[in-house]
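# Secondary and tertiary structure notes
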Amino acid sequence: MGRGGIGGGGVPVDMETVDSTRAFVRDVKRIIIKVGTAVVTGQNGRLAMGRLGSLCEQIKQLNFQGYEVILVTSGAVGVGRQRLQYRKLIHSSFADLQNPQMHFDGKACAAVGQSGLMAIYDTLFSQLDVTSSQLLVTDRDFRDPNFGDQLRETVFSLLDLKVVPLFNENDAISTRRQTHEDPSGLFWDNDSLAALLAVELNADLLIILSDVEGLYSGPPSDPQSKIIHTYINEKHGKLINFGAKSSVGRGGMQAKVAAAANAASKGVPVVIASGFATDNIIKVLKGEKIGTLFHNAANSWECSKGATAREMAVAARDCSRRLQKLPSEYRKKILLDIADALEANENLIRSENEADVEAAQAAGYEKSLVARMSLKPGKITNLARSIRAIADMEDPIAHTLKRTEVAKDLVFEKTYCPLGVLLIIFESRPDALVQIASLAIRSGNGLLLKGGKEAMRSNAILHKIITSAIPDDVGKKLIGLVTSKDEIADLLMLDDVIDLVIPRGSKNLVSQIKASTKIPVLGHADGICHVYIDKSADMEMAKRIVMDAKVDYPAACNAMETLLVHKDLNKSEGLDDLLVELEKEGVVIYGGPVAHDKLKVPKVDSFRHEYSSMACTLEFVDDVQSAIDHINRYGSAHTDCIITTDEKAAEAFLQQVDSIMTFLLNCNSAAVFHNASTRFCDGTRFGLGAEVGISTGRIHARGPVGVDGLLTTRCILRGSGQVVNGDKGVVYTHKDLPLQ
């Protein structure tokens, strides 16, 4: 085991992001792939040539990259049955066709189909410049004490020659009369044969391809069934209900599980995955968490990993409850201590951050990502200042929002209270960790943080400094730092402990998180921000705003992506000057259909597409209504701006554009600016102290989310012995009372 397949130029494995349970794949070289009848054939019983072609393509890739690949294939009986049916049909009389008899002996089918199946594999592999060989075995062969040595000698010789051995049970001469009903012997189907070969041939990995994604907790057709990514016999063995087996083949999932468990117990990891996907074998070897893994160390992984995720969340919750009991001045002091600690350790923080930046640049990360993760001079001072501003805010916990006299001596109160435990998943920006932690402490919430691997050192040192300032009577586990990617999946399942997830990062990250959890998610999936220059705009003002919105910090989510311009301004001196200034700053301008035609700039593929941070899409529109329609169709409800001196146009824009913030009017849109840069859309700039993110949703919180967005409400009723009793004798007053 561990012959260094990756070191020999195998499938690249990113060990920082790979699931920890699949880390062993970096040492895999010798692989046995078992493909079942349900994968080899379609519903009509004919060979599924597309899937076979994909299988051979993947094997060719592995063979080329230095892996030793052995294939155990089913399908001979199916191929033989198809050929025999065809032969019988063409030789049948009309009377025979009225009452067709299509039952054939399985051994005869195997004998006829084996040569045909091998011929198909040979043809496919030959097209890919791969040589294959055929080896037929029976249970009786393995009973010979000398057979194992002879088998290994032959197979290892073939592998040295980069030949792919193809194994199949020789059903035509099997000693069992009904092999599919006879579980005796050393193996009883191709699943158990593959497991036996994996042990005999010292394989590093066995991949069993099935017609489902892996092993489920129940029948895959049952909506309540969930895929089991790591099989633990003690945990899953008695809980799984197997559904009906495939209509083709012999084993079914129960046989695959038995074979996989057997091989894993003898030291060969096994993954059961779908053979219908075109690249699942490659994904398995990249360490992706697909299919079901069987491993002899899985029990220790599961116990450790499951406890870590839940214990971390429970500890954060317990610490948050202790934090909430403390006086406001005590929580304020914690924040002030954190601010002092950050400034005192600025050199250490900068050193770790510079190491992250250098590593990211060496790894070839995009410049925009490197820019976001860099803690430039003055950044720590600004972060400390924002923490002190948060500390000086009015205490949000138990703040009374409403008091109502329900009846005499019966008072209803609605107050703020913390949400509980927050899970924040963010990419590349270590300063986000500081902002989020300070807001969580001020709002009395527990916090779990998962930062991007590219800022791993920065996140670790910031977390250490912040938690060191949290007193023991609260507990340093108030803020937990999640360090491995695979823990995220476990945390997202803890809807009984974690109360809100806030993903900060790419559209793909936000969308993936939303699709993976029952916990409420607060975030935005896009950052497509628009600036519209109306025909009445002051072009000097427009130039200042557009340049700031695009160039001040191009990598920010509130930077301008699309510039809409009234058609009357085409070829105007003011617009020409603006475009020249943008290009001087390195901005690449793409055009919508109209702008492309008029200005001859490269044509944009899609208005919904975010290009690089230094790209800008330009389009001409007929009027303010056309601009509104464009934004509502292609925008992401983040931040949009109108530049105009026409108050009527501004009012229409502010009321009708569907974004996250509205200036000047409190209307039913959520984010629109009039004559101000989109870059103002920021929690610190709005006086929130900091922000945990920007929400484009419509429920709970919208726009930059500060302390208020991390709170919910508690209803309190203060009485003096009142009972409902059918509302007899209760005189409801429902009178508003002054807040206390």
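Position numbers for residues start from 1 in each chain and track the written sequence from start to end. Selection of residues for local features in this predicted model requires a pLDDT of at least 70, selection of side-chain atom pairs for listing and counting requires 80 or more, and totals for whole chains, interfaces and linings are taken over all residues. With hydrogens and water excluded, all non-hydrogen atoms of the structure serve as input to the side-chain values.

Labelled according to an unreviewed UniProt entry, the chain appears under the name Delta-1-pyrroline-5-carboxylate synthase, originating from Eragrostis curvula. We quote the UniProt Function (unreviewed entry) comment for the chain here in full: "P5CS plays a key role in proline biosynthesis, leading to osmoregulation in plants. Involved in abiotic stress tolerance." UniProt positions are given in the numbering used here, feature names are shortened, and annotations may be inferred rather than shown by experiment.

### Details of the overall build of the chain
A tally of regular secondary structure across the chain gives 25 helices and 23 strands. Only protein chains enter the accessibility calculation, which uses a 1.4 Å probe; a residue whose area is less than 20% of its type maximum is buried, one above 50% is exposed, and one in between is partly exposed. Relative to its 740 residues, the chain shows a buried fraction of 51%. A sequence separation of at least 24 residues applies to 73% of the contacts in the chain between residues at least 6 apart. The Shrake-Rupley method, run with a 1.4 Å probe, gives the accessible areas here. Residue values count only the displayed protein chains as cover. Only carbon and sulfur atoms are counted for the fraction: they give 50% of the accessible area of the chain, which is about 33,800 Å². The secondary structure listing takes helices from DSSP runs of H or I that are at least 4 residues long and strands from runs of E that are at least 2 residues long, numbered from the N terminus. Note on contacts: a residue pair is in contact if any heavy atoms of the two residues lie within 4.5 Å.

### Side note on the sheet that holds strand E23 (residues 732-736)
For two strands to be treated as a pair, DSSP must find at least two bridges joining them. One open sheet holds the four strands; their spatial order is E22-E9-E8-E23, and the pairing between them is antiparallel. One side of each edge strand has no neighbouring strand; the edge strands of this open sheet are strand E22 (711-718) and E23. In this sheet, neighbouring strand axes are inclined to one another by 25° on average, regardless of whether the strands run parallel or antiparallel. In the sheet, strand E9 (residues 410-418) pairs with E22 via eight bridges, with the strands oriented antiparallel. To get an axis, a line is fitted to the C-alpha atoms, and for a helix only the part in contact is used. The angle between two axes follows their N-to-C directions and goes from 0 to 180 degrees.

### Re the environment of Ser-572
Within the secondary structure, Ser-572 is located in the loop between strand E15 (560-566) and helix H22 (573-584). Judged by its relative accessible area of 18%, Ser-572 falls in the buried class. The sequence separation of Ser-572 and Met-539 amounts to 33 residues, and the corresponding C-alpha distance is 9.9 Å. Side-chain polar atoms of Ser-572 contact the backbone oxygen of Leu-569, separated by 2.7 Å. Any N or O atom pair separated by 3.5 Å or less is treated as a polar contact, with the protein-specific requirement of one donor-capable and one acceptor-capable atom, and with residues adjacent in sequence counted only for side-chain atom pairs.

### Considerations on the side chain of Ser-443
Following the sequence through the fold, Ser-443 ends up in helix H17 (residues 430-443). On the basis of relative accessible area, Ser-443 is assigned to the buried category, the value being 0%. Within the structure, the side chain of Ser-443 is placed 3.2 Å from the backbone oxygen of Ala-440, a separation counted as a polar contact. Of the polar contacts made by the side chain of Ser-443, one reaches the side chain of Asn-445; its length is 2.8 Å.

### Some remarks on the packing of helix H16 (residues 379-391) against H17
It is the contact of H16 with H17, at a shortest axis distance of 10 Å, that shows an interaxial angle of 15°. Comparing their axes, H17 and H16 come out roughly parallel. H16 and H17 meet at a crossing whose hand is right-handed. Contacts between H16 and H17 involve Lys-379, Leu-383, Ile-387, Ile-390 and Ala-391 from the former and Asp-431, Val-434, Gln-435, Ser-438, Leu-439 and Arg-442 from the latter. Here roughly perpendicular refers to angles of 65 to 115 degrees, roughly parallel to angles under 35, roughly antiparallel to angles over 145, and oblique to all remaining angles. When the near helix sits turned anticlockwise from the far one by under a right angle, the crossing is termed left-handed; a clockwise turn instead gives a right-handed crossing.

### Some remarks on the pairing of strand E4 (residues 164-169)
Taken across its six residues, E4 has six buried, putting it largely inside the fold. Along E4, one buried face is formed by Val-164, Leu-166 and Asn-168 and the opposite face, lined by Pro-165, Phe-167 and Glu-169, is buried too. In this structure, strand E2 (residues 68-73) lies alongside E4, joined through two bridges in parallel fashion. Within E4, the residue paired with Leu-71 across the bridge is Leu-166. Relative to E4, strand E3 (residues 132-137) is paired through six bridges, and the arrangement is parallel. Residue pairing across strands places Ser-132 opposite Val-164, the latter belonging to E4.

### A word on the sheet that holds strand E1 (residues 30-35)
Strands belonging to one sheet form pairs held by backbone hydrogen bonds; the direction of such a pair is parallel or antiparallel. In spatial order, the strands read E3-E4-E2-E1-E5-E6-E7; together these seven strands make up an open sheet with mixed pairing. This sheet does not close on itself; its edge strands, each paired only once, are E3 and strand E7 (292-294). Taken over all neighbouring pairs, the strand axes of this sheet differ in orientation by 20° on average, direction set aside. Where helix H10 (residues 252-265) meets the sheet, it contacts E1, strand E5 (205-210), strand E6 (270-274) and E7, and its direction lies at approximately 155° from that of E6.

### As for unusual backbone geometry
Here the phi dihedral of Asp-129 falls at roughly 60°; this positive angle occurs in a residue that is not glycine. You can see Asp-129 is positioned in the loop between helix H5 (106-127) and E3. Non-glycine residue Lys-162 carries a positive phi angle of around 60°. With respect to the secondary-structure elements, Lys-162 resides in the loop between helix H7 (147-160) and E4.

### Some words on the pairing of E5
Here is the key point about a regular strand: its side chains alternate between the two faces of the sheet. Of all six residues making up E5, six are buried, and the element is well covered by its neighbours. Of the two faces of E5, the one holding Leu-205, Ile-207 and Leu-209 and the one holding Leu-206, Ile-208 and Ser-210 are both buried throughout. Bridge count for E1 against E5 is five bridges, and the pairing is parallel. Its bridge partner being in E5, Ile-33 is matched across the sheet by Ile-207. Where E5 meets E6, five bridges bridge the pair, whose relative direction is parallel. By the bridge assignment for E6, Ile-207 is matched with Val-271.

### Describing the packing of aromatic side chains
When the centres of two rings from Phe, Tyr and Trp lie within 6.5 Å, Trp using its six-membered ring, the rings pair. Their planes under 30 degrees apart give stacked, over 60 give edge-to-face, and anything left gives tilted. This model, assessed by the stated rule, comprises four aromatic pairs. For the pair Tyr-121 and Phe-125, a centre-to-centre distance of 6.3 Å together with 20° between the ring planes defines the contact as stacked. Within this pair, Tyr-121 and its partner Phe-125 are both found in helix H5, separated by four residues, close to a single helical turn. Of the two residues examined, Tyr-121 and Phe-125, each falls in the buried class. Throughout this description, the term charge over a ring refers to an Arg CZ or Lys NZ atom that lies within 6 Å of the ring centre and within 35 degrees of the ring normal. Its end group placed over the ring of Phe-276, Arg-51 keeps NZ or CZ at 4.0 Å from the ring centre.

### Quick look at the side chain of Asn-570
Its place among the elements puts Asn-570 in the loop between E15 and H22. In contact with Asn-570, other than residues within four places in its own chain, are Leu-575, Lys-598, Leu-599 and Phe-620.

### So, the confidence of the model for the chain
Summing up the model confidence of the chain, the mean pLDDT is 82 and the portion of residues at 70 or higher is 81%. Confidence of the predictor in every single residue is expressed as pLDDT, which spans 0 to 100. Taken as a whole, residues 177-183 scores under 50 in pLDDT and shows eight contacts with residues more than four places along the chain or in a different chain.

### Structural notes on the environment of Lys-162
Lys-162 gets classed as partly exposed once you look at its relative accessible area, which sits at 40%. Put simply, Lys-162 and Val-130 are 32 residues apart on the chain and 8.1 Å apart in space, counted from C-alpha to C-alpha. Leave out the neighbours within four places in its chain, and Lys-162 touches Asn-63, Gly-66 and Thr-131.

### Considering the environment of Ala-258
When you line up the elements, Ala-258 lands in helix H10. Judged by its relative accessible area of 40%, Ala-258 falls in the partly exposed class. It is 8.7 Å that separates the C-alpha atoms of Ala-258 and Asp-191, two residues lying 67 residues apart in sequence.

### Concerning the pattern of salt bridges
Salt bridge, as used here, is a side-chain nitrogen of Lys or Arg placed within 4 Å of a carboxyl oxygen of Asp or Glu. Counted according to the given criterion, the structure contains 26 salt bridges. A salt bridge links Asp-191 to Lys-256, with the shortest nitrogen-to-oxygen separation between them at 3.5 Å. Taken together, the positions of Asp-191 in helix H8 (residues 190-200) and Lys-256 in helix H10 put the pair 65 residues apart, joining distant regions of the chain. In this structure, Asp-191 and Lys-256 share a single accessibility class: buried. The partner of Glu-413 in a salt bridge is Arg-718, and the shortest N-O contact between them spans 3.0 Å. Of this pair, Glu-413 sits in strand E9 while Arg-718 sits in strand E22, and the two are 305 residues apart along the sequence.

### Looking at helix H25 (residues 647-656)
The periodicity of an α-helix, 3.6 residues per turn, causes residues three or four places apart in sequence to face the same way. For H25, the set of buried residues is Ala-649, Ala-650, Ala-652, Phe-653 and Leu-654. Between the side-chain oxygen of the N-cap and the backbone nitrogen of Lys-648 there are 2.9 Å, and the N-cap of H25 in question is Asp-646.

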